[in-house]
Amino acid sequence: MLTRGSNRKVDYDKEINNTDYQVVLTGNPNVGKSTVFNAITGMKQHTGNWTGKTVECASGRAKINDKVFSFIDLPGTYSILSFSKEEAVAADYLMHNETDCAIIVIDANVIERNLSFALQILSIVKNAVLCLNLCDQAKKNGIIIDTEELAKNLGIPVIATCATKCNGLEELEQTVYDICVGNIKCFHIDELFKNIDISHKDKYKENAELFKKQSIRICKKCVTYNKSELNRNTRRLDKILTSKSTGIPIMLLLFAFLFWITAIGANYPSMWLSNGFEWLKEQLYIFMDFVNAPEFLRGILIDGVYTTLTWVISVMLPPMAIFFPLFSLLEDSGYLPRIAFNLDKFFAKCGAHGKQSLTMAMGIGCNACGVTGCRIIESPQERLIAVLTNNFMPCNGRFPMLIAIIMMFFAGTSMTFGSSVLTAVILLAIIAFCVIVTLIVSKILSLTLAKGTQSSFALELPPYRKPQILRTIVRSFLDRTIFVLGRAVAVAAPAGALIWILANVYVNDCSLLSYCTEFLDPFGKFIGLDGTIIMAFILGFPANETVIPVIIMSYMASGTLMEYSGYDQLLTLFTANGWTITTAICIIIMCIMHYPCSTTVLTIKKETKSLKWTLVSMILPTVIGIILCMITANVMRLFL
Amino acid sequence: MEEICKLSEIPVGKRALIAEVDCKENLRNRMYDFGIMNGSVISPVFKSPFGDPVAYLVNNAVIALRNKDSHNIYVTKIQNTD
C-alpha cells in the first residue's frame, strides 16, 4: 500500500453512518464527475468547465432500490500518484478508506488518457464501474466505443452516459446497486497490471508507460475514430479568443459587458427593493407606535437592525444576483482556462503561475473560495503568492460598494445608457488596477518573502461546451440569494444592532461612536478618508457588506437626519459630511486594499497552516492601501 | 531521416513524435499524466496572444505548456501524410 503523508482516515462519518454501502466517484478533472454526483444525489455542487473546480471532497447520499448509499465526490486527478494538493486528497481517500464500489468517470472524447487513469484506480480498487461520460459529444466527434468489449477487457461493467442530459444515469445507479449487493461480479485482471508496482514512487515513469501501453492496447480493440479533426468548433473559437490581435480585446470587452449588464440591470430591482423596504419601515413605525414600544426597542430594531439588513439586501443583492449567474455561465463554457492561457506570460514574469488568474477570478466571487481554490497551483511558493494576493480582487461583498461609489461620484446616477457604460468602463479599469497590483505584489513576494524556484505551467484547455443556461442561472441565482440573505441575517443584523448602540449610548453628551470616530478622524483625514469610514472598515471585518451601512448610520446618527431611498439621497448625505472626489477615490482604494474579511482570514490560516502568513495576508494589503490613500490624498490636495 | 529537435521548435499545425521528456521529476510526472510521453504524437495547435505558452494537441486533448518546458521535450518531426 502506498503511504502518502499521514495515515489518517478522512473523516466523513456523518454521511457514511447509517448507510448500507459507500461509493466514491473518481476521474480526471473536468469529465463531469460533479454533474454525475449531483444527478445521483440530488445535491447542488457547483460545476464548471475547467480543471480543479472541485477541490474538496463532497459527500451526499441516495437511496437506490431498498438500500441507502453514501457518495463521495473526489477532486479530479490526472493520476493517483501525482503531487498536486488536490490530487493528494483523492489519492489519500482511495488508499485509506474502504469503499464498496468506485465509479470511475471518464471523458469518452479523451478515452486513451482516461483509460490509463482508470487502470491506475483498478490496480487498487476491485469493485468499480466505468462511467463513460460525455458520450453525445464523442459521437459528434465521430468516436465509436464498443462498451461490451471494453467491459470485457477491464473486468468491470461499462455504462455510457451523458450526465447533463441525464442519459444512462439510471442504468449507472442500478449497476452500482448490483455491484454492491453482489449481483454483478467485478474481475481483477492480473494481466493488465503485469510488472506494475505502484508502491514505488520512483517507478512512476515505468508504471505510467506500462499503464499507457495497456490503455493503447485496449483502445485499439474498442475504439474507432471516424473523423480526423475533433472539436472543430472549439478550434475555430480558440483561433479568435486566444489570437494575438483579438484575444485580449475580446477578453476586456467580455468583462466590460458583464459589468455593464450588472450595473444597468441592478439599478431597477435595487430601487424597487429599497422603496418596498422604505414602505415597510413606515408600517413598522406605525406598528411600534401602536403597541407603545419603548423608544430604545424601536431604535435598535428599526433604525439599527432593520435599516442595515435592508441596505445589505437592496443594494448588495441585485448586483450579485446578476453578476454571478453570468459569471457561472462563463465558467461552464470553458472560457476561464483560456484567460489563464492568455495571461500566463505576465504571471510567469512576476514569478507567479497562470492558474493564479483562475483563483483571482474565483476571488471576485468570494475571496475565501479563491483562497481554497489556490490548491490547484502545485508549487508551494506560487500557491502562497496566490493565497496572499487573492484579497486584492474585490469580492462580491465589496463589488456593489464599488458600483455605488462609481455611480454616485463618477458616472452619474441617472442610469442612462452613457452613465451605465461609463460605470462598466470604470469598474473594468478598477479590476485591471487590481490585477496590476496583484502582479506587482506577486513579483515583490516572489523576490522576497516567498522565494523559490518557479514551477511549470501545464494546463488543460477543455473543449468549449454550451452551458445549460437556464439551469445555471436559476441555480446560481438561488444559491447566491440564499447565501447573501443568510449572511445579511447572520452578520448585518447584529452589526446593525451594535452600531445603533454605539451611536445612541451617550457618555458626557457624546455617543460612543463619535468618540471612536473622532479619535480616528485625524488619521482618517490624513489618508483622505474620515474617522467614520475607518471605523466602518474596522466594524466591517466580519463582512465587507456592512461598511456602507455603518457609514450611513453614523452620519445619520450625528445629526443629518434624512431618509435615504436611492443613490441621489445617499450622495447628498455623503457630500454633506464632507465627501469629495478624493474621498471617493480613497475609499475605492481602501475597499480593494485592506485586510480580508474574517472568513477569508480563517481560510488563509487553514490553507497556509501558518500564523505568520495569515498575519502577512492581513498586514500587507492594509499597509499598501494606507500608503496609496495617503499619497492620493496629498497629491489631490495640491490640485484641489 | 529522423532528426531530433525540441518541441518548442515545431511550427503550429505540424505533428511530431515524442522521443524524450527531459524535465524535472515532478513536471515529467505531470506530463506523463497528460499523456505527454515517449511515443505520443503531439502537435502545436495555437499560441497565446503573447506567444508563450503554446497549446498542444495530444491524445485528443489540448494542453498548454510554457516554452521553457517544451524546450526540454525532444521530438522527431512527422512528415504530413494525411
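Residues numbered from 1 in each chain as written. Chains lettered and ligands numbered in written order. Predicted model: local features only at pLDDT ≥ 70, side-chain atom pairs only at ≥ 80, totals over all residues. Heavy atoms only, no water.

Caption draft 1: View of the packing of aromatic side chains. Scanning all chains against the criterion turns up 20 aromatic pairs over all chains. Between Phe255(A) and Phe259(A) the ring centres are 6.3 Å apart and the planes differ by 50 degrees, which places this aromatic pair in the tilted class. Note that Phe255(A) and Phe259(A) are positioned in helix H10 (residues 247-290) at a spacing of four residues, about one turn of the helix. Judged by its relative accessible area of 0%, Phe259(A) is buried. One Lys or Arg, Arg338(A), reaches over the ring of Tyr464(A) and ends 4.1 Å from the middle of that ring. Positioned above the aromatic ring of Tyr32(B) is the side chain of Arg28(B), whose terminal nitrogen or guanidinium carbon lies 5.8 Å from the ring centre. (Phe/Tyr/Trp six-rings, centres within 6.5 Å; stacked < 30°, edge-to-face > 60°. Helix = DSSP H or I, 4+ residues; strand = E, 2+ residues; numbered from the N terminus. Buried < 20%, exposed > 50% of the residue type's maximum accessible area, 1.4 Å probe, protein only. Lys NZ or Arg CZ within 6 Å of the ring centre and 35° of its normal.)

Caption draft 2: Layout of the sheet that holds strand E1 (residues 21-27) of chain A. Residue and element names in this part refer to chain A. Sheet architecture is open: six strands sit in the order E2-E3-E1-E4-E5-E7, paired in mixed fashion. The sheet is open, and its two edges are formed by strand E2 (58-64) and strand E7 (158-160), each paired on a single side. Ignoring which end each strand starts from, the neighbouring axes of this sheet average 25 degrees apart. Here E1 pairs with strand E4 (residues 101-107) via five bridges, running parallel. Counterpart to Val-23 in the pairing with E4 is Cys-101. Contacts from helix H2 (residues 33-41) reach E1, E2, strand E3 (67-73), E4 and strand E5 (128-133), with the element oriented near 45 degrees to E2. Of the strands in this sheet, E1, E2, E3, E4, E5 and E7 are in contact with helix H7 (residues 169-181), which crosses E5 at around 170 degrees. (Pairing = 2+ DSSP bridges. Axes fitted to C-alpha atoms, helices over the stretch in contact; angles between N-to-C directions. Contact = heavy atoms within 4.5 Å.)

Caption draft 3: Here's a closer look at helix H9 (residues 232-241) of chain A. Within the sequence span of H9(A), burial applies to Thr234(A), Arg235(A), Asp238(A) and Leu241(A). Down the axis, H9(A) shows its buried residues gathered within 135 degrees of arc, on one side only. Exposed and oriented more than 90 degrees from the buried face of H9(A) are Asn233(A), Arg236(A) and Lys239(A). Considering only its buried residues, H9(A) is in contact with H10 and helix H12 (336-349) of chain A together with strand E3 (41-47), strand E4 (54-58) and strand E5 (61-65) of chain B. (Arc of directions from axis to C-beta.)

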